[in-house]
Amino acid sequence: MTSTSTVIKRLLESSAQFPIKLHNFIDNEFENTKEKMESINPSTGELFFYLNRSGKAEADRAVAAAKRAFESWSQTSPQYRSSILLKAAQIIEDNLDDMALLESRDQGKPVWLAKAVDIPRCIHNLRFFANSILHHTDPSILHHSPSPGLSYVVRDPVGVSVLISPWNLPIYLLSFKIAPAIATGNTVVCKPSELTSATAYVLMHALFEAGLPKGVVNMVLGTGAEVGEHLVTNPDVGLVSFTGSTLIGKKIASLAAQLNKKTSLEMGGKNGCIVCPSADLPKVIPDIVRSCFINQGEVCLCTSRLFVHKSIFDNFLGDFLEEAKKYTVGDPESGAKLGAVNSKIHFDKVMSYIKIASEEGGKIELGGRSVQPEGRCNGVSNVHKSGKDYGSHSGILHPTNSNLWTDRRFSLYERRDLRSRRLYCSLRDE
């Protein structure tokens, strides 16, 4: 058996000249497909590796494997399931530095961020649910009146769970789905984003090395249209968990509802931050700026709208801009605050929103343009004309026209017309 650490090193050695190929993980076997897809390193615009381009046949086979495994896995003890999760967590922790570098090359985020947040959170997710199931107690109530009786709760696993994870926090969110699913006795078929499958592939190796039985966790690589929809509509799937766009989430909800499947949807956010006159600006501005731009703004919890009281607006804007200037864009392996936007499609979307805001009267106070770092990432924009990925600088816009500005006094308690009292907005990469 190839160790997880060896798999990580091979992935890090993959390049446009000598690319490797990621395979599906079905019934504890890594399976190849005839068709393949490219995965691009966002920071260089070059081919990083190939991955399987799966379809309905692979999706159905993975669900069948999970269904077979459910009968025995659901009967295992919490202690046994916990031990496997803890072993997998240790394997990931033993390879934390290399995992962070791999996540950065696959997603575009800075290495320091992956090392500080993404990989440690994966480890935490595995350990948290491994320990949670050992100490969870269900309520029971003894009734004396009007007649004696005992009420109690029994929790049973649902069955086969389909877990679809996004490209912005690849292993962070995938582990956040897999760990509770298998800890509570369910079996899994997961589909990571086709844009960021590297650390998901490593996680399959870690679970395998930790001793996970056949069929408990399966992974199918491919697109949402060619794989994801077949997984969602498979009648043997009892639960669907999805993190991604609102558009796709609505479609999944509609498809899952036809068979009354349990569904968990975490979709795109438009998070607002309200800054009142009483705010301690030196204290809160660093946190607000970080909430706007961390991970290139590619977080569903990021702040994308700011509502600032008119009396403090000028001071806030000046301090906000100074803090935002600290968020340098550069090579993700260089220590820069911000790395590369994940894909060409995403980059074009970000730039289109900045263009729309500018055309509607917004003043670009900072950024709002593409960036070409020195070194190995320089010239990536030229490569991306053929459809690859590249980095951008976050835009900060100051609304100036009547559609975005108002003289009305801002009130926390008047929320009906909140959009019309938008005194300041920050446009993030999303």
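Cut-off values and rules
- Residues numbered from 1 in each chain as written.
- Predicted model: local features only at pLDDT ≥ 70, side-chain atom pairs only at ≥ 80, totals over all residues.
- Heavy atoms only, no water.
- Helix = DSSP H or I, 4+ residues; strand = E, 2+ residues; numbered from the N terminus.
- Buried < 20%, exposed > 50% of the residue type's maximum accessible area, 1.4 Å probe, protein only.
- Contact = heavy atoms within 4.5 Å.
- Areas by Shrake-Rupley, 256 points an atom, 1.4 Å probe, with all protein chains shown as cover.
- Axes fitted to C-alpha atoms, helices over the stretch in contact; angles between N-to-C directions.
- Parallel < 35°, antiparallel > 145°, perpendicular 65-115°, else oblique.
- Left-handed = near helix turned anticlockwise from the far one by under 90°.
- Nonpolar A, V, L, I, M, F, W, Y, C, P; charged D, E, K, R; others polar.
- Polar contact = N/O pair within 3.5 Å; in protein donor to acceptor, adjacent residues only side chain to side chain.
- 1 Å grid on protein atoms, 1.4 Å probe; cavity = no way out; pocket = protein on both sides within 12 Å on 5 of 7 lines; lining within 4 Å.
- Points joined across faces, edges and corners; volume = space filled by probe spheres on them.
- Salt bridge = Lys/Arg side-chain N within 4 Å of Asp/Glu carboxyl O.
- Core = buried A, V, L, I, M, F, W, Y, C linked by side-chain atoms within 4.5 Å.
- Pairing = 2+ DSSP bridges.
- pLDDT = per-residue confidence, 0-100.

**Student:** Would you take a moment to explain the overall build of the protein for this structure?
**Tutor:** Along the backbone of the protein there are 13 helices and 17 strands. The buried share of the protein, reckoned over its 430 residues, is 53%. Residue pairs at least 24 apart in sequence account for 75% of intrachain contacts in the protein once pairs closer than 6 positions are excluded. In the form shown here, the protein has an accessible surface area of approximately 19,700 Å², with 53% of it arising from carbon and sulfur atoms.

**Student:** I would appreciate a short explanation of the packing of helix H4 (residues 96-107) against helix H5 (residues 111-135) in the present structure.
**Tutor:** In a pair of packed helices, the angle between the axes and the distance between the axes together describe the arrangement. Put simply, H4 and H5 touch, their axes get as near as 8 Å, and they point 115° apart. The angle between H4 and H5 falls in the class roughly perpendicular. Here H4 and H5 pass one another in a crossing that is right-handed. For the pair formed by H4 and H5, the contact residues are Leu 96, Asp 97, Met 99, Ala 100, Leu 101, Glu 103 and Ser 104 on the first element and Val 111, Ala 114, Lys 115, Asp 118, Ile 119, Pro 120 and Ile 123 on the second. Of the residues that constitute the contact of H4 with H5, the class distribution is nine nonpolar, one polar and four charged.

**Student:** Before we go on, may I ask you to explain the side chain of Ser 15 in this structure?
**Tutor:** You can see Ser 15 is positioned in the loop between helix H1 (4-13) and strand S1 (21-22). Among the polar contacts listed, one links the side chain of Ser 15 to the backbone nitrogen of Phe 18, at a separation of 3.2 Å. In contact with Ser 15, not counting residues within four places along its chain, are Leu 47 and Phe 48.

**Student:** Teacher, can you tell me more about unusual backbone geometry here?
**Tutor:** Most peptide bonds are trans, and most residues other than glycine sit at a negative phi. The amide bond that connects Ser 145 to the next residue, Pro 146, takes the cis arrangement and shows omega of 5°. The topology assignment puts Pro 146 in the loop between strand S6 (140-143) and strand S7 (149-152). Positioned with a positive phi, Asp 27 is a non-glycine residue whose angle comes to about 55°. Take Asp 27: it is sitting in the loop between strand S2 (24-26) and strand S3 (29-31). Exposure remark for Asp 27: the relative accessible area of 18% places this residue in the buried category.

**Student:** Sorry, what's going on with the layout of surface pockets here?
**Tutor:** Approximately 1,400 Å³ is the volume found for the largest pocket. Taken together, 48 residues make up the lining of the largest pocket; nearest its centre are Trp 167, Leu 195, Gly 244, Ser 245 and Ile 248. Where the lining of the largest pocket is concerned, the elements lending two or more residues are strand S4 (36-41), helix H8 (224-233), strand S11 (237-244), helix H9 (246-257) and helix H12 (344-359). The residue inventory of the lining of the largest pocket, partitioned by class, reads 18 nonpolar, 17 polar and 13 charged.

**Student:** So what exactly am I meant to see when it comes to the environment of Leu 85 here?
**Tutor:** If you trace the backbone, Leu 85 turns up in helix H3 (residues 78-94). Between the C-alpha atom of Leu 85 and that of Ala 130, which follows or precedes it by 45 residues, the distance is 5.7 Å. With sequence-adjacent residues up to four places away left out, Leu 85 is seen in contact with Leu 126, Phe 129, Ala 130, Ala 179, Ile 182 and Ala 183.

**Student:** What am I meant to see in the pattern of salt bridges here?
**Tutor:** When charged atoms on two side chains of opposite charge get close, those side chains can pair. Counted by the stated rule, this structure contains 21 salt bridges. Between Asp 331 and Arg 376 there is a salt bridge whose closest N-O contact spans 2.8 Å. Separated by 45 residues along the polypeptide, Asp 331 in the loop between helix H11 (313-324) and H12 and Arg 376 in the loop between strand S15 (362-367) and helix H13 (380-384) bring together distant segments of the chain. Across the pair Glu 365 and Lys 363 runs a salt bridge whose closest N-O atoms are separated by 3.9 Å. Through salt bridges with shared partners, a single network forms among Arg 105, Asp 331, Glu 333 and Arg 376.

**Student:** What's the story with the nonpolar core in this structure? I'm lost.
**Tutor:** Nonpolar side chains in soluble globular proteins tend to be buried together. The biggest cluster of nonpolar side chains holds 56 residues, and the ones touching the most others in it are Ile 92, Ile 178, Ile 182, Leu 203, Met 204 and Val 217. The element contributing the most residues to this core is H5, with nine residues. Not counting residues within four places of it along the chain, the set of residues in contact with Ile 182 comprises Trp 73, Arg 81, Leu 85, Val 188, Leu 212, Val 216 and Val 217. Counting residues in hydrophobic clusters, the runner-up holds 22 residues, among them Leu 281, Phe 293, Leu 306 and Ala 324.

**Student:** Just to check I follow, could you spell out the sheet that holds S4 for this structure?
**Tutor:** Two strands in a sheet stick together by hydrogen bonds in their backbones, pointing the same way (parallel) or opposite ways (antiparallel). With mixed pairing, the three strands of this open sheet are ordered in space as S1-S5-S4. Looking at which strands have only one partner, the edges of the open sheet turn out to be S1 and S4. Across two bridges, the pairing between S1 and strand S5 (residues 46-52) is parallel. From the neighbouring strand, Lys 21 faces S5, where its bridge partner is Tyr 50.

**Student:** Got a minute to help me understand the environment of Ala 257 in this structure?
**Tutor:** Here Ala 257 shows up in helix H9. Judged by relative accessible area, Ala 257 falls into the exposed class, the value being 53%. For the pair Ala 257 and Thr 233, spaced 24 residues apart in sequence, the C-alpha separation works out to 9.7 Å.

**Student:** It is not clear to me how the confidence of the model for the protein should be interpreted in this structure. Could you clarify?
**Tutor:** Should pLDDT be low for a region, the predicted coordinates there are not to be read in detail. Residue-level pLDDT values for the protein average 87, and 88% of them are 70 or greater. Within the model, pLDDT remains below 50 along residues 381-394, and this stretch shows 53 contacts once partners closer than five positions in the same chain are excluded.

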